[in-house]
Amino acid sequence: MNCKNLDVFVLTYNRAEYLKIMLESLCTQTAKGFNIKVLNNCSTDSTLEIIRQVQEKFPDRNISVITNEKNLGNAGNFIRSQELAENEYTAIFHDDDAIHPEYIEIAMNIFKKNKNIVMCTGGAAALYNVDNNNWPVLLKNYNLYNIKDGVYLHLLLARPNFASNIYLTSAYKKVKYEPEKYGKLHDIIFNCQINLLGNVAYIQDTCIRWRQSATNDSNVFHNGPFPEEAANVINQLYFLNKEHNFFGKALLWNFAYFLYKWSMLKRFETWKEFMNRMLRNINGGGVFSPLEVFLYSQKWYIDFFNMLILKRADYYRKRVLRNYGGRF
């Protein structure tokens, strides 16, 4: 499949060893013709030499490098990719992961068959040792999250994996990155905002090997998320998800508790203090009323809701399931 209408940006900073694995995973894709653009955030290691080696090994691939004039930081490099994106479709991949060899071809075919899709994403395997060897055949079932229910389905079924996203460029350039508001959780809201512009396809199988390490951003907390950032995420999800208040509120409660535990926010404040950030006020702000906080805090009540949520998730999985050839 010729994908000349796709530009793949690989954002990198001082990860030469890992970058080689990512680039080789792109060069061994079954899809052809797409452009690989390494967005180099002023690396000081052997990044440029690694890129040169991969270019020589795969001369038939369109690999180029763009080096920023100064280090823009992690979020700044994403914003720079938005400025540079100009082809019809844009993929944004991280430098330390590896992409399934069939993923780009399958994703671009899904775009081709569904003209109202603005983003394709896929499942990820979180691994400490990522390589580009012995990939199994990629199963082609996917969920289709529509505009109306998309944000709700992010919480009910599965959230898009930011590291595997391929975008319709016109949509990608419209949504603003807001790390100053959401910290390193900004990808959660970014994915939701994209879904408000069109449908999102979520390929269920492992499309990306997502590198983990002791210093991985998801595994360290000195740089957040902090209580205000996590509360901002929950508040914004509520604002984007008001049409599904009955089940949506319980999902948000569960997600808020997950963020509180995962981020170890107890270092800063108690669960009660964290929930006070999201209490409804007379100005209409906040998420939960005092009564809802009381009820969701009762184990029997939240257990009852979670039983209903499991049944609803099963219903929606069947409703939004598609296969490569069309709907089941």
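Residues numbered from 1 in each chain as written. Predicted model: local features only at pLDDT ≥ 70, side-chain atom pairs only at ≥ 80, totals over all residues. Heavy atoms only, no water.

**Student:** Got a sec to walk through empty space enclosed by the protein? Specific residues and values, please.
**Tutor:** For the structure on display, the rule yields one cavity of 30 Å³ or more. A volume near 40 Å³ is recorded for the largest cavity. Forming the walls of the largest cavity are K176, Y177, E178, Y182, H186, I189, F190 and Q193. The element that contributes the greatest number of residues to the lining of the largest cavity is helix α8 (residues 186-195), accounting for four residues. Of the residues in the lining of the largest cavity, the class split is four nonpolar, two polar and two charged. (1 Å grid on protein atoms, 1.4 Å probe; cavity = no way out; pocket = protein on both sides within 12 Å on 5 of 7 lines; lining within 4 Å. Points joined across faces, edges and corners; volume = space filled by probe spheres on them. Helix = DSSP H or I, 4+ residues; strand = E, 2+ residues; numbered from the N terminus. Nonpolar A, V, L, I, M, F, W, Y, C, P; charged D, E, K, R; others polar.)

**Student:** Which residues make up helix α2 (residues 47-57), and what are the values?
**Tutor:** Every buried residue belonging to α2 is among T47, I50, I51 and V54, and all of these are buried. Buried positions in α2, seen along its axis, are confined to an arc of 100° and lie on one side of it. Of the surrounding elements, those touching the buried residues of α2 are β1 (6-12), α1 (16-27), β2 (35-40) and β3 (62-67). (Buried < 20%, exposed > 50% of the residue type's maximum accessible area, 1.4 Å probe, protein only. Arc of directions from axis to C-beta. Contact = heavy atoms within 4.5 Å.)

**Student:** Tell me about the packing of α8 against helix α9 (residues 227-240), and name the residues and values.
**Tutor:** Contact pair α8 / α9: the axes reach a minimum separation of 10 Å and the direction vectors enclose 15°. By the angle between their directions, the pair α8 and α9 is classed as roughly parallel. Handedness of the α8/α9 crossing: left-handed. For the pair α8 and α9, contact is made by I188, I189, C192 and Q193 and by V233, Q236, L237 and L240, respectively. Residue composition of the contact of α8 with α9, by class: six nonpolar, two polar and no charged. (Axes fitted to C-alpha atoms, helices over the stretch in contact; angles between N-to-C directions. Parallel < 35°, antiparallel > 145°, perpendicular 65-115°, else oblique. Left-handed = near helix turned anticlockwise from the far one by under 90°.)

**Student:** Requested: an account of the packing of aromatic side chains, with residues and values cited.
**Tutor:** Summed over the entire model, instances satisfying the criterion amount to 33 aromatic pairs. Ring geometry for Y145 versus Y202: centroids 6.3 Å apart, planes at 15°, classification stacked. Placement of Y145 in strand β7 (residues 142-145) and of Y202 in strand β9 (residues 199-211) is noted, with a sequence separation of 57 residues between them. When its relative accessible area of 12% is taken as the criterion, Y202 is described as buried. Taken together, a centroid distance of 5.9 Å and an interplanar angle of 65° make the contact between Y296 and F305 edge-to-face. Taking the relative accessible area as the measure of exposure, Y296 reaches 6% and is therefore buried. Judged by its relative accessible area of 3%, F305 falls in the buried class. Between the NZ or CZ atom of R209 and the centre of the ring of W135, over which it lies, the distance is 3.8 Å. (Phe/Tyr/Trp six-rings, centres within 6.5 Å; stacked < 30°, edge-to-face > 60°. Lys NZ or Arg CZ within 6 Å of the ring centre and 35° of its normal.)

**Student:** Break down the pairing of β7 for me, with residues and values.
**Tutor:** Burial along β7 is two-sided: Y142 and L144 and N143 and Y145, pointing in opposite directions, are all buried. Taken together, the two bridges between β7 and strand β10 (residues 321-323) define a ladder with antiparallel strand orientation. Across the sheet, the residue bridging to Y142 is R322, located in β10. (Pairing = 2+ DSSP bridges.)

**Student:** Explain unusual backbone geometry to me, and be specific about the residues and the numbers.
**Tutor:** Geometrically, the link from G224 to P225 is a cis peptide bond, its omega value of 5° lying close to zero. Within the secondary structure, P225 is located in the loop between β9 and α9. Its identity as a non-glycine residue notwithstanding, N14 has a phi of 55°, on the positive side. Locating N14 in the fold gives a position in the loop between β1 and α1. The phi dihedral of M264 falls on the positive side, at around 50°, and the residue is not glycine. Turning to its location among the elements, M264 is positioned in the loop between α10 (245-262) and α11 (271-276).

**Student:** Lay out the nonpolar core in plain terms, naming residues and giving numbers.
**Tutor:** Ranked by size, the top nonpolar core spans 105 residues in total, and within it L6, F93, Y103, I104, I166 and L237 carry the most contacts. With nine residues, the top contributor of residues to this core is α10. (Core = buried A, V, L, I, M, F, W, Y, C linked by side-chain atoms within 4.5 Å.)

**Student:** Please give an account of helix α4 (residues 103-113) that cites residues and values.
**Tutor:** Because each turn of an α-helix spans 3.6 residues, side chains separated by three or four positions end up pointing in the same direction. Within α4, eight of the eleven residues are buried, which leaves it mostly tucked inside the rest of the structure. Among the residues making up α4, those that are buried are Y103, I104, I106, A107, M108, N109, I110 and F111.

**Student:** Let's hear about the layout of surface pockets: which residues, and what values?
**Tutor:** One number sums up the size of the largest pocket: a volume of about 1,200 Å³. The wall of the largest pocket is formed by 45 residues, among which H94, F162, W210, D217 and S218 lie closest to the centre. Looking at the lining of the largest pocket, the elements that each hand over two or more residues are β1, α3 (73-84), β6 (117-127), α5 (150-156), α8, β9 and α10. Looking at the lining of the largest pocket residue by residue, the classes come out as 21 nonpolar, 15 polar and nine charged.

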